[in-house]
Each structure stands twice: as C-alpha cells, then as structure tokens.
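Listed here are the chains, written in short residue letters.
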Amino acid sequence: MRSYIMRRFGLIIPTLILVTIITFLMVRFVPGSILDLMIGDMPPEEGLTYEEMKAELEARLGLDVPVYTQYARWVGILPQKDGGFHGMLQGDLGESLWTRRPIVDEILSRIPISLELGIIALTTAMLVAFPIGIYSAIRQDTIGDYISRSFAIMCIAVPGFWIGTLVFVLPSIWWNWTPPVEYIPIGKDFGKNIVQFIIPGIIMGTQMAGSTMRMTRTMMLEVLRQDYIKTAWAKGLKERAVIVRHALKNAMIPVITIVGGQVPVLIGGSAIMEQIFVLPGIGQYMVNAIGQRDYAIISGINLMMASVLLILILLVDLSYAWLDPRIRYR
Amino acid sequence: MTEDTKDLYAGSVSRRKRRGFFADLAYRFIKEKPLGTVGAIIVILLLVVGISADLLAPFGYNETFVGGKLEGMSTDHWMGTDNVGRDLMSRIIFGARVSMFVGLGTSALGTAISTIIGLISGFLGGKFDLIIQRFVDAWVCFPGLFVMLTFVAIIGGGVAQIIIILGVQGGIGGSRLARSAVIAVKSNLYVEAAKAIGAPTWSILLKHILPNIMAPLIIMFTMGLGGAILAEASISFLGYGIPPPTPSWGGMLSGGARRYMIQAPWMAIFPGLALSIVVYGANMFGDALRDLLDPRLRGGLGRYSGNLLRKPKT
C-alpha cells in the first residue's frame, strides 16, 4: 500500500505542474480585448495617447514582461516587480484586474456557500440514487427497472437551469410565492438559510442522481453475475442477505469513484444555481469574472478548482485501493 | 477460404447474420430497445425540424409583431409570443437548428479528436503515451463548464466557436475511452501479423485498429449528442453562448426574458420542454445503442432475473 501511495503522489506532481501551465496559458491567448475594455472604462487622461495608456496599463498589470517571466511570477518562483515573492506557492493568486481585491480572500469568503450547496446536492443525490439504482439492478428488465432507468435519464436530460427557472415562475403564479433571493448567512438565521439553499441543492442533487443511479445499477449488475453471488444463492441465503451482505459491499467500491468523478459536474451546476438563486458562491464569482473578462480571477478559480479536483481524484483512488486490495498489486 | 466452404459457412449460420452490420443493428435495435427507438425517433425529429426549419416555422425567428408582445397561446401563435413580440414557436423551431448543429458538430469534432489522440497515444505507448496521458489527466481536472466559459470569454460566442470549444473539451476527455479501446485491440494477432509483414504504422492504425474500435466510437458519438446540446444551452443560459437574436433554447430562458416569465409563463415552459425532450431522446438512443454494441454490458447468462437458482425465465 505504501509504495502505491508513493507512486500516486509521484504522478500527481507533474500533473499539478501541467495544470498550472494550462491554467496560465488558457487566458494568455487573449487578444487585446481586456486592455481595450479597461481603457474604454478609464477616465480619459490629459495628453495620453491610446498606445501610451495601453503601455501603462500593461505595466501596471505586469503584462510587459515575457510570458515565461509572467508565469514564474504567478507561480511564485521569481520575484514580482516590487521584489517580493507573491505567487501561487506563497498562497497568493494575485488580485482582480478591476477591483484590485485579493482573489484568495474573495474565494475563501465564498467557499462556505458553494460547499453548503454541494453538500446538500451530494446528500440528495446519494439518497435518491443508491436505493433506486440497487432496486433497478436486482429487478432488471421489469417495469420497475424501466421506470427507474427512464427517471435516471430524465434527471440527466432535464436541465437544472430550467427547473430553477420554473421554481421562480410557477409557484409565483399559483401561490404567489417566490424563493428568497437575498443571501442570508448560515450564522445569522439558520432556518432561513437552509430554506434558501435547499431548493437549488435538491435541483443539483437530482441532476447528479441520474448518472450515479445508472452507475450503481451497472455495478450491481456486474457484481450480481459473479460466482460468489451464485454460491451465496446456492447456500440458500435469503435475497436480503445476498444483496446486502455480498453484492452491495462489492458494488459500492466503484461507486465511490463515480461519486468522486461527479464533483466537476457539481461545480458547474453550482455556478448555474448560484446565478439563478443569487447566492454569492464561487460559481457566481467565476461567471461574473467571465462577464468582465477578469482573467486574473478566471485563472485563479480555474487553478484552485483543478487542484482541488486533482487531490480529490487522488483521495478517491487511494480509498479505492484501500477498499479493494486487487488494485494495489496491479 | 474457397467458394464451397464459404457457402457451407453461410448456410450454417442463422439467416439473421446475412444482413449487413447496420441493417442487423437497426433490426435488433427496434426489436429489443423500445425506449431507445423512441429516443431515435426524437433525434430524427430534431434533425428533420433543424434541417427544414425555414419551411416549418410559421414566422421568422426575429420577426416581431408590433402590438403582439407577450401574447398567450392562440391559433396564430401556438406557443404565444415573447417580450419583443416574436412568435415563440418559430423561435423554438429555429432553436432546434442551433441545437442540431451544436450537437452533431460537437460530437463529430469531439469523437475525431478523441480518436486521433487515442489512436496515437494507445498504439505508440511508451513515453509518448505517458506524456499525453499526464496532459489528459491535467485537462480533466478542470470543471467542464468553467473551461468552456473561459474559452468563450476568450474567443467569443457563436455556433462555430461553441462547437470548437465543446468539441475540444469533450474530445480530450473522451480520448481516454478511445485509448483504452485501442489498447484492447492492439494485442490481437491480426495486428501482430500486420506488423510482421512490415505494414507501416499509419496503415495498421487505419486498416486494422480503427475498424475494430468503431463500436466504442459510435457509442461516444451518440452519447455525446445530448451532453453537447445541454452544455450549449447552459452556456447560452449564462449569457455567453449563442449571441442573440439567434434563438438558442438555453438563451431563450435567460437575460431580459426572465423578467416577463411570470406574466408569460409559456416563455419559460416551451424552450425548456423542447430542450428536455431532445436531450432525453438523445440519451435514450445513445444508451440503447451502447447496450447493443457493447457486449460486456449486455445481459446474458449471468443475468440476475435469469438466475439459475431462482425461477427460470423462458
């Protein structure tokens, strides 16, 4: 196990470096748009031509040095203009191009919101997906299975933003009720906060439940075909014992990976839900940054998300190897 | 194989096998997958509506009716009109065209990219494969929607741009699937044989590997359809996808339209309904096709309901 962990950690480092390079380069192919946009927004200064303003702005944003220097500064292995090291390695993602506010602070203050949404969604997804997925597998090709599978595909097909929109429209017409849109922190009023988060959370969760349900079903089916299940039946065990004690335990291992793999989808979904339900989370920060073409924020969020996911994937893989010894010895 | 043995062989297998691959597939598909067939019909309908939108739509997608704002459903406007006074049904029909282009274009581009990366990386193996795979690993760490939004912010919105962005994004992720298919195929004897007679790598890839990974590629293509349509709608919903006035189902649910939805709920209902039905159909279709093409997932002897110890199903 130890050598497996070491090997996995060894592999994560080049991937992490690549992640930073991809993040950095992604926004460097930008044509002059952000500069033009900002110059258009700046108060016209006396006696400055467009080129001069552009050069000044480039210098202020640190875009006047070669790309590799910019990258090294951003990562934190070369000193910034003021001589200090403020890069990723120092836990500094820079500041917003527009508001000059530090990106890390902004992200940290928004994490609880996105996290709360994510936890509600994940819980909903698992509560819905596991029982239905298992039922669907042990009653394969029955009416119940068809209904469950159709439901699963429906969860995937019906877009969350549509349901989110309808939640605003229909109750308002029928009962004159609209979901609250003013963000209430969890510490201020727990009840109101939960009411506010539960609707977008459940919508996201149901969307996620679709693929989780399908995977649970597939994994269960795979396990149910194994010889040890036949043995269990042959021993004369009750269905309950066969399913719970023999099949479920083995089927759940790969399902962990799948739930882990769903997190990127969850993050995307949260961006949309935060937008609709006006929750000041990370997704909303990202979408606003896209609108303003604030590339510093965009890079910062992309990098943070990718690193979090990379570590999550590692943890999932490790837990997988820990739960299933067959993996380690490959 | 001589002429005689060929006949002998043909006589010994069932009549069904004489049909071509695709005809046989279609036959089995309709017979064994009723839900998948419904999905296929929905997809075909999308194509028909998308292609002949000009003929089917009663009005132009940007044709406004003065004094006809937010009109309810009527015989003139089956789905009502929007806040600018445009016929909603016409806009949904033209929206089908956008979804069709994005769905097919993205799936085709994505599958092509996956295939190329998968073929090269899987077949050559070694250091090259290792480097490519680290890149793919890094790429799939980024949440899809954020990467798409980032690229839209850089290259702008529009049907072609969206297809490129979604295709590249999906293609790199999907290359893992193509790669594992290639690796599974390349250890076959016929590949060894081709190598032994000195066939060049490109010829082995095209003549021996590619035809044998067709099934996963077809699956990838169909499975990608619904996802691509949904992704475009999500981006357009956030306001960065297809620029107005071109109607996109996602875009129709966003922006200024949202303020009028309580007055005119049809504006909120129909675009989402169209989107849901199409994505549902595409996913059903892709799913059924995968069941048929991927024998590993096909129910067989080990099927639980046909368990040898429980009441056997006939």
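Residues numbered from 1 in each chain as written. Chains lettered and ligands numbered in written order. Predicted model: local features only at pLDDT ≥ 70, side-chain atom pairs only at ≥ 80, totals over all residues.

## A short note on the overall build of chain B
Alright, step 1. Secondary structure summary: chain B contains 13 helices and zero strands in total.
Alright, step 2. In chain B, the succession of α and β elements from N to C terminus is α-α-α-α-α-α-α-α-α-α-α-α-α.
Alright, step 3. Within the span of chain B, comprising 314 residues, buried residues form 44% of the whole.
Alright, step 4. Across chain B, every contact between residues at least 6 apart in sequence was considered, and the portion connecting residues at least 24 apart equals 70%. (Helix = DSSP H or I, 4+ residues; strand = E, 2+ residues; numbered from the N terminus. Buried ≥ 20, exposed ≤ 12 C-beta atoms within 10 Å, placed from the backbone. Contact = placed C-beta atoms within 7 Å.)

## Describing the overall build of chain A
Alright, step 1. For chain A, the count of helices and strands is 14 helices and zero strands.
Alright, step 2. Reading the helices (α) and strands (β) of chain A from amino to carboxyl end gives α-α-α-α-α-α-α-α-α-α-α-α-α-α.
Alright, step 3. Counting the 330 residues in chain A, one finds 37% classified as buried.
Alright, step 4. Taking the contacts inside chain A whose residues are at least 6 apart along the sequence as the reference set, 68% of them involve residues at least 24 apart.

## Some points on helix α8 (residues 159–186) of chain B
Alright, step 1. Relative to the 40 Å expected for 28 residues at 1.5 Å per residue, α8(B) spans 37 Å between its end C-alpha atoms, a close match to the ideal helical length.
Alright, step 2. Of all the bends in α8(B), the greatest, near 35°, is centred on B:G174. (Expected span 1.5 Å × (residues − 1). Bend = angle between axes of the 7 residues up to and from the residue.)

## Concerning the confidence of the model for chain B
Residue and element names in this part refer to chain B.
Alright, step 1. Confidence in the prediction of chain B, expressed as mean pLDDT, is 78, and 84% of residues score 70 or more.
Alright, step 2. When pLDDT is averaged over each element of chain B, helix α5 (residues 88–124) comes out on top at 89 and helix α1 (residues 3–12) at the bottom at 48.
Alright, step 3. Taken as a whole, residues 1–6 scores under 50 in pLDDT and shows one contact with residues more than four places along the chain or in a different chain.
Alright, step 4. pLDDT under 50 marks residues 8–16. Its contacts with residues more than four places away, or in other chains, come to one contact.
Alright, step 5. Both scores are given for the predicted complex: the pTM is 0.80, the ipTM 0.79. (pLDDT = per-residue confidence, 0-100.)

## Observations regarding the nonpolar core
Alright, step 1. With 155 residues, the main nonpolar core has A:M220, A:M286, B:M148, B:L149 and B:I229 as its most contacted residues.
Alright, step 2. No other element matches the 15 residues that helix α13 (residues 266–293) of chain B contributes to this core.
Alright, step 3. Each residue touching B:I229, except ones within four places of it in the same chain, is listed here: B:S99, B:V102, B:G103, B:V278, B:V279 and B:A282. (Core = buried A, V, L, I, M, F, W, Y, C linked by C-beta atoms within 7 Å.)

## Observations regarding the environment of A:T123
Residue and element names in this part refer to chain A.
Alright, step 1. As for its placement among the helices and strands, T123 is situated in helix α5 (residues 103–138).
Alright, step 2. C-beta crowding within 10 Å serves as the criterion here: with 13 such atoms nearby, T123 is assigned to the partly exposed category.
Alright, step 3. Each C-alpha atom, one on T123 and one on G269, is 15 Å from the other, the two residues being 146 residues apart in sequence.

## What to know about the interface of chain B and chain A
Alright, step 1. In this complex, chain B contributes 44 residues to the contact, which on the side of chain A involves 50 residues.
Alright, step 2. Taken together, the elements giving at least two residues each to the side of chain B that touches chain A come down to α6 (126–140), α7 (144–155), α11 (214–237) and α13 of chain B.
Alright, step 3. When residues in the side of chain B that touches chain A are grouped by element, the largest group, nine residues, is from α13(B).
Alright, step 4. For the side of chain B that touches chain A, the residue count by class is 29 nonpolar, 11 polar and four charged. (Nonpolar A, V, L, I, M, F, W, Y, C, P; charged D, E, K, R; others polar.)

## Side note on the packing of helix α3 (residues 34–51) of chain B against α13(B)
Residues and elements named next belong to chain B.
Alright, step 1. Two elements in contact, α3 and α13, have axes whose closest approach is 7 Å; the angle formed by their N-to-C orientations is 130°. Classified by the angle between their axes, α3 and α13 sit oblique to one another. As α3 runs across α13, the sense of the crossing is left-handed. Where α3 approaches α13, its residues L35, G36, V38, G39, A40, I42, V43 and L46 are matched on the opposing element by I277, V278, G281, A282, M284, F285, D287, A288 and L289.
Alright, step 2. Partitioning the contact of α3 with α13 into residue classes produces 13 nonpolar, three polar and one charged. (Axes fitted to C-alpha atoms, helices over the stretch in contact; angles between N-to-C directions. Parallel < 35°, antiparallel > 145°, perpendicular 65-115°, else oblique. Left-handed = near helix turned anticlockwise from the far one by under 90°.)

## Focus: the packing of helix α10 (residues 239–261) of chain A against helix α13 (residues 295–323) of chain A
Residue and element names in this part refer to chain A.
Alright, step 1. The contact between α10 and α13 brings their axes to 9 Å, and the two run at 180°. Put simply, α10 runs roughly antiparallel to α13. Of the residues in α13, those in contact with I253, I256, T257 and G260 of α10 are L312, I313, V316, S319, Y320 and L323.
Alright, step 2. Per-class residue counts for the contact of α10 with α13 are seven nonpolar, three polar and no charged.

## Comments concerning the environment of A:L279
Residues and elements named next belong to chain A.
Alright, step 1. Relative to the elements of secondary structure, L279 occurs in the loop between α11 (263–276) and α12 (282–292).
Alright, step 2. Exposure remark for L279: the 21 C-beta atoms within 10 Å place this residue in the buried category.
Alright, step 3. Along the backbone, L279 and S307 are 28 residues apart, and their C-alpha atoms lie at a distance of 23 Å.
Alright, step 4. If we ignore the near neighbours within four places in the chain, the residues touching L279 are I113, L117, Y183, E274 and Q284.

## Points about unusual backbone geometry
Residue and element names in this part refer to chain A.
Alright, step 1. For V278, which is not a glycine, the phi torsion comes out positive at approximately 50°.
Alright, step 2. Here V278 lies in the loop between α11 and α12.
Alright, step 3. With 13 C-beta atoms packed within 10 Å, V278 lands in the partly exposed category.

## Concerning the environment of B:V185
All names here are of chain B.
Alright, step 1. Here V185 shows up in helix α8.
Alright, step 2. When the 19 C-beta atoms within 10 Å are taken as the criterion, V185 is described as partly exposed.
Alright, step 3. C-alpha of V185 to C-alpha of E32: the two residues are 153 residues apart in sequence and 28 Å apart in space.
Alright, step 4. Not counting chain neighbours up to four residues away, the residues in contact with V185 comprise I209, N212 and I213.

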